[in-house]
Each structure stands twice: as C-alpha cells, then as structure tokens.
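Structural description and commentary
Residue strings, one per chain:
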Amino acid sequence: MIGRKDEIQTLMECINSGRPEFVAVYGRRRVGKTYLIKEFFDDTFSFYATGVQNVKTKQQLRIFKESLVKYGDEIQTIPKDWFEAFLRLENILKSKQVAREYKTGRRVVFLDELPWMDTPRSDFKSALDYFWNSWGSSQKDLVLIVCGSATSWIVNNIVKDMGGFYNRLTRQIRLLPFNLSECEQLLISNGMQFTRRQVAECAMIFGGIPYYLNYLKPQYSLAQNVEMLFFQENAPLKNEFHNLFHALFRNADKYIAIVLELSGKRYGYTRAELIEMGKVPEGKTLSTCLEDLVQCGFIRRYHDYTKNTNGCHYQLIDALCLFHLNFISGGKTGTWFSFINSPAYYTWCGLAFEKVCLLHTKQIKQALGISGVYSNESSWSSRKTEPNVQIDLLIDRKDDVINICEIKYTNEAYSIDAAYERELLHKVEAFRTETKTKKALMLTMISFAGIKKNAHTNQILCEITAEDLFG
C-alpha cells in the first residue's frame with residue numbers, strides 16, 4: 001500500500017490492543033478510506049455494511065438487512081427500525097460461527113458511509129449509541145470502525161459528540177490526499193512515465209486524490225488523459241464537481257454558492273465579506289456551511305498575521321474545484337489542448353501551484369531545516385502601504401524568525417530582475433513597518449524550477465524547489 005504509514009500503524013495498534021476499539025475514519029470523498037480499511041483487514045470482517053446515497057430510512061434498512069443475512073442472520077424480514085437492526089447485528093457477533101480477523105481473532109465490524117445511513121428523522125444515531133454503550137464497549141475483542149466522506153457529519157456527530165458518544169471513541173483517523181511524493185509513487189506503480197513537473201501538474205488538477213489518479217492511463221500523455229477525463233463527451237470527471245457536493249451535502253446549492261464566491265478571490269474572504277456580497281446564506285447556516293467545507297477539505301481557514309478584527313479568512317484550496325471552475329464551468333467550451341499555453345492556463349498554473357505549496361508546508365519546513373520548530377502558517381495583506389502588498393505564505397516560527405515566502409511556477413529557473421527585487425524588498429519593509437514585528441525576516445523563494453542566480457538574488461536567503469516539495 002502506498003503511503004498511509006501512520007494510519008496503518010494506528011490500525012495495527014488497534015487490532016493488537018486487547019480492548020474494545022471504536023474507530024472513526026474520515027476524509028474527503030474519493031481519498032481512499034474504504035480502500036485502506038478493506039486492504040488492511042483483507043476483507044476479513046465479522047460484519048460489513050455501507051450506507052447508500054439518497055435513499056430513505058426504509059431502503060437503508062432493507063440494504064442493511066441484506067448485509068445481516070450475508071453474515072449469518074436467519075431472519076428474512078426488514079428490521080422495523082435501527083434498534084432492531086443493531087440487535088440482530090449483536091446476535092450475529094455473539095454466534096460461534098462469526099467470522100474473525102485471522103491473525104488476532106478479533107471481531108471487526110465496518111460500517112461504511114455512515115452519514116448516508118442517518119436519514120432525516122431516523123433513529124440511527126440513537127441506535128448506534130445504544131449498541132455500543134450497552135454492549136459493544138464491554139466486548140474486549142470487538143473493533144467497530146465507522147467511516148464517512150461527509151467529514152463534518154463524522155466530526156460533529158461522532159468525534160465531537162457531547163451525548164452518548166462522548167469520550168467513547170478510542171481512535172480517529174483523518175485520511176488526507178496524497179502528497180507529491182505519494183502521487184509519484186502511485187503513478188509509477190500504475191505504469192505512468194511522468195516527469196516530476198507532470199506529477200506536480202497532476203496534483204494541481206486532481207489534488208492528490210488516489211481515485212482520480214487511478215483513472216490515468218499509461219499509454220497516453222498527461223494532456224491526453226486530461227482531455228479524456230474532463231473534456232470529451234461523457235468524460236467520467238466532467239460532472240465530478242457537482243457530484244461531489246450533492247453526494248456530501250443535503251443542501252448542496254448553498255455550499256456551491258460559497259465555493260463560487262471564494263473562487264473569485266485568490267486569498268479568500270472573511271465571513272463578513274462573504275455576507276456583504278449577498279450571494280451566500282447568512283447567519284448560522286453560513287457558519288455551518290463554512291465549517292463543513294473546512295472539515296471536508298474544500299477550503300482552508302486561516303488568520304491574517306495581524307489577526308484583524310474581521311476574523312479569519314476562508315480560501316478555496318481544493319484542486320479539482322479550482323480546475324473545474326477555471327476550465328469547465330459556466331459553459332466554457334474547448335479542449336484541454338486549446339487551453340494549454342493560453343493566458344488562462346498560466347494564470348491557473350500559478351494559483352494551483354500556490355495551493356500545492358500551502359498543502360506542503362511540512363516539506364517546506366523540512367527543506368528549511370526547521371521541522372522541529374513550532375510555527376504558524378498564514379498569509380498577509382497590507383492595509384496602509386501603497387501599492388498594496390500581499391504575501392503568499394508566512395511561516396511564523398517560535399525561534400523568533402519569520403519566513404516571508406514568494407511562490408512562483410515557471411518552466412525554467414525564475415529570473416529576478418531589478419524591478420522584482422525592489423518589489424520583494426518593498427514587501428518585506430511593508431510587513432516589518434505595519435506589523436511592527438521584532439522577529440528576523442527571511443525572504444524565501446519557492447520556485448518549481450529554482451531561481452537563476454544573478455545580481456538581484458542576494459536578498460533571497462532561502463530557496464525551495466520542486467525537489468524539496470517531493471522530499
């Protein structure tokens with residue numbers, strides 16, 4: 001299995017703990033949650049069932065009944081409610097014929113896409129609560145794994161629940177998209193002969209989501225693959241943007257409206273700014289939607305370095321969303337080949353590579369030799385300086401240093417001329433003056449192909465390249 005070392009270690013500890021385990025696995029849709037659990041346990045479950053999208057309680061129970069029968073339940077009727085369904089599951093797990101994990105003898109129950117089971121006005125959550133607290137939590141050889149792509153549901157109803165599940169969860173695994181190195185490993189294992197620039201562009205398009213990367217075919221170039229996946233008639237990912245939101249959220253249009261607004265500004269908006277624009281839901285609904293989008297990995301929440309009174313900013317960071325909104329949505333026509341090397345393509349490259357860098361701050365810190373130094377990462381906009389200054393990435397370190405990072409995506413080593421050198425020095429001085437920081441400021445250039453050394457690069461104290469991001 002590629003990557004997932006920490007997650008596998010957690011599952012190993014879980015299976016060998018000798019006590020009842022209640023594990024929540026969550027993460028963005030298509031990130032590989034089900035694959036991880038099924039591969040680790042080699043499908044040796046005592047019971048497995050999955051929720052189904054957009055069906056009512058009766059249909060969910062009918063589907064659950066089929067799983068009960070498959071694993072040994074002799075009752076052929078559909079459970080009248082979720083309490084009966086979990087009682088019948090309990091009886092399966094008590095039977096001598098119950099399937100067990102072949103190495104440890106543990107009984108492993110895997111409930112996949114849990115949020116879909118929790119249909120409106122059903123008693124699902126209460127029944128699951130009762131199943132675990134009245135019986136499961138006393139079974140030393142029981143491992144209950146719940147999983148879902150609606151990350152906010154898992155977090156709010158299981159991880160942070162203050163009711164019956166409070167302090168009942170024994171472990172949680174948040175599965176993140178692959179980093180660049182893991183993307184490269186997956187592509188190589190699938191027979192792809194891509195350069196690192198092409199691997200990076202894959203991450204800029206697909207966001208390190210294994211499900212999407214597995215669509216790529218080795219007999220075609222990256223451009224050909226993108227054309228077939230997004231632009232041809234009946235392309236499998238042409239409608240993925242809308243499918244994602246409708247699969248995750250009951251009121252998908254509200255979430256899409258927020259994403260559309262956030263896509264209009266590179267560095268995002270505050271909550272107050274979003275409300276002023278008048279195109280998104282207000283009040284508690286907006287707060288809930290923003291939190292859901294953060295939990296599901298579509299946007300990131302960050303504070304301006306100066307922590308202004310307008311609160312935190314929300315920035316669209318999901319690669320596939322950015323790609324769709326730049327090249328597919330709004331009735332855009334054309335082929336991927338017609339977009340390549342166009343002004344729109346180069347604009348997108350800069351934005352998308354910036355988002356990749358923001359998701360690789362761990363690798364950036366490692367390249368800077370400060371992996372063990374606590375830091376906060378943020379962006380910054382000037383409010384007094386003319387012309388206005390925007391800093392892509394600040395790494396505010398506990399050792400009294402701040403890395404001021406500029407991010408550039410170019411085919412060749414980036415050449416800094418006299419005008420750009422003045423711009424960089426202006427940014428540093430504006431930041432120092434407005435924030436009144438007493439920390440040392442290190443100008444850091446993150447450039448895919450590095451920087452070309454000349455008379456204007458002396459102010460660059462740290463340089464990060466693509467090789468460092470793959471580290």
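Refer to the structure above for everything that follows.
Residues numbered from 1 in each chain as written. Predicted model: local features only at pLDDT ≥ 70, side-chain atom pairs only at ≥ 80, totals over all residues. Heavy atoms only, no water.

This paragraph deals with the overall build of the protein. A count of helical and extended segments in the protein gives 21 helices and 15 strands. A globule of 471 residues ought to have a C-alpha radius of gyration of about 23 Å, and the protein, at 25 Å, matches this closely. Residues counted as buried form 54% of the 471 residues belonging to the protein. For the protein, long-range pairs separated by at least 24 residues make up 67% of all intrachain contacts whose partners lie at least 6 apart in sequence. Per element, the accessible surface of the protein, about 21,600 Å² overall, is 49% carbon and sulfur. In the protein, which carries 59 positive and 53 negative side-chain charges, the distance between the mean positions of the two groups comes to 3 Å. (Helix = DSSP H or I, 4+ residues; strand = E, 2+ residues; numbered from the N terminus. Rg over C-alpha atoms; globule rule 2.2 N^0.38 Å. Buried < 20%, exposed > 50% of the residue type's maximum accessible area, 1.4 Å probe, protein only. Contact = heavy atoms within 4.5 Å. Areas by Shrake-Rupley, 256 points an atom, 1.4 Å probe, with all protein chains shown as cover. Lys, Arg positive; Asp, Glu negative; His and termini not counted. Charge placed at Lys NZ, Arg CZ, Asp CG, Glu CD.)

In total, this model carries 24 salt bridges according to the counting rule given. Put simply, Arg171 and Glu21 hold a salt bridge, and the shortest N to O gap is 3.0 Å. Residue Arg171 is located in strand β5 (residues 171–175), and its partner Glu21 is located in strand β1 (residues 21–27); the two are separated by 150 residues in the primary sequence. For Arg171, a relative accessible area of 16% gives the class buried. Given the relative accessible area of 0%, Glu21 is considered buried. For the salt bridge of Arg107 with Asp141, the shortest nitrogen-to-oxygen distance reads 2.6 Å. In this pair, Arg107 sits in strand β3 (residues 107–112) while Asp141 sits in the loop between α6 (124–134) and β4 (142–148), placing the two residues 34 residues apart along the sequence. Classification of Arg107 by relative accessible area gives buried; the value is 6%. (Salt bridge = Lys/Arg side-chain N within 4 Å of Asp/Glu carboxyl O.)

In this section: the pairing of strand β10 (residues 390–397). Most of β10 sits out of view: eight of its eight residues are buried. Pairing of β10 with strand β11 (residues 401–408), which is carried by four bridges, proceeds in the antiparallel orientation. Residue pairing across strands places Ile395 opposite Asn403, the latter belonging to β11. Following β10, the chain reverses through three residues before pairing antiparallel with β11; Asp400 in that reversal takes a positive phi of roughly 65 degrees. (Pairing = 2+ DSSP bridges.)

A separate point is the sheet that holds β1. Ordered in space as β2-β3-β4-β1-β5, the five strands form an open sheet in which the pairing is parallel. Strand pairing shows two members of the sheet lacking a second neighbour, β2 (47–50) and β5, which therefore form its edges. For this sheet, the mean inter-axis angle between neighbouring strands, taken without regard to orientation, is 15 degrees. Sheet topology places β1 next to β5; five bridges connect them, and they run parallel. By the bridge assignment, Tyr26 is partnered in β5 with Arg174. The strands touched by helix α2 (residues 33–41) are β1, β2, β3, β4 and β5; relative to β3, the strand with the most contacts, the crossing angle is about 165 degrees. Relative to the sheet, helix α7 (residues 151–159) contacts β1, β4 and β5, its axis offset from that of β1 by approximately 155 degrees. (Axes fitted to C-alpha atoms, helices over the stretch in contact; angles between N-to-C directions.)

What follows concerns the side chain of Arg29. Looking at the secondary structure, you find Arg29 in the loop between β1 and α2. No salt bridge is formed by the buried Arg29; its nearest oppositely charged neighbour, Glu113, is found at 4.3 Å. Other than its neighbours up to four places away in sequence, Arg29 contacts Glu113, Trp116, Ser149, Ile209, Leu244, Ala247 and Leu248.

This part covers the environment of Gly268. Relative to the helices and strands, Gly268 is located in the loop between α13 (252–262) and β6 (269–270). Along the primary structure Gly268 and Arg19 are separated by 249 residues, whereas in three dimensions their C-alpha atoms are 45 Å apart.

On to the nonpolar core, then. Leu111, Phe230 and Phe245 are the most contacted members of the largest nonpolar core, which has 135 residues in total. Among the elements that take part in this core, helix α18 (residues 343–358) stands out by supplying eight residues, more than any other. With residues up to four places along the chain from it excluded, the contact list for Leu111 reads Phe47, Ala49, Phe64, Phe86, Leu128, Leu144, Ile145, Val146 and Cys147. (Core = buried A, V, L, I, M, F, W, Y, C linked by side-chain atoms within 4.5 Å.)

The next thing to look at is α18. A rise of 1.5 Å per residue sets the reference length of α18, with its 16 residues, at 22 Å; its end C-alpha atoms lie 23 Å apart and thus fit the reference within 8%. Of all the positions in α18, only Tyr345, Trp348, Cys349, Ala352, Phe353, Glu354, Lys355, Val356, Cys357 and Leu358 are classed as buried. (Expected span 1.5 Å × (residues − 1).)

A separate point is the packing of aromatic side chains. Here the structure, examined in full by the defined rule, presents 43 aromatic pairs. Centroid distance Tyr211 to Tyr212: 5.8 Å. Interplanar angle 75 degrees. Geometry classified as edge-to-face. Given a relative accessible area of 34%, Tyr211 falls into the partly exposed group. The ring of Tyr211 carries Arg30 above its face, with NZ or CZ at 4.2 Å from the centroid. Lying over the aromatic face of Tyr409, Arg197 brings its terminal NZ or CZ to 5.2 Å of the ring centre. (Phe/Tyr/Trp six-rings, centres within 6.5 Å; stacked < 30°, edge-to-face > 60°. Lys NZ or Arg CZ within 6 Å of the ring centre and 35° of its normal.)

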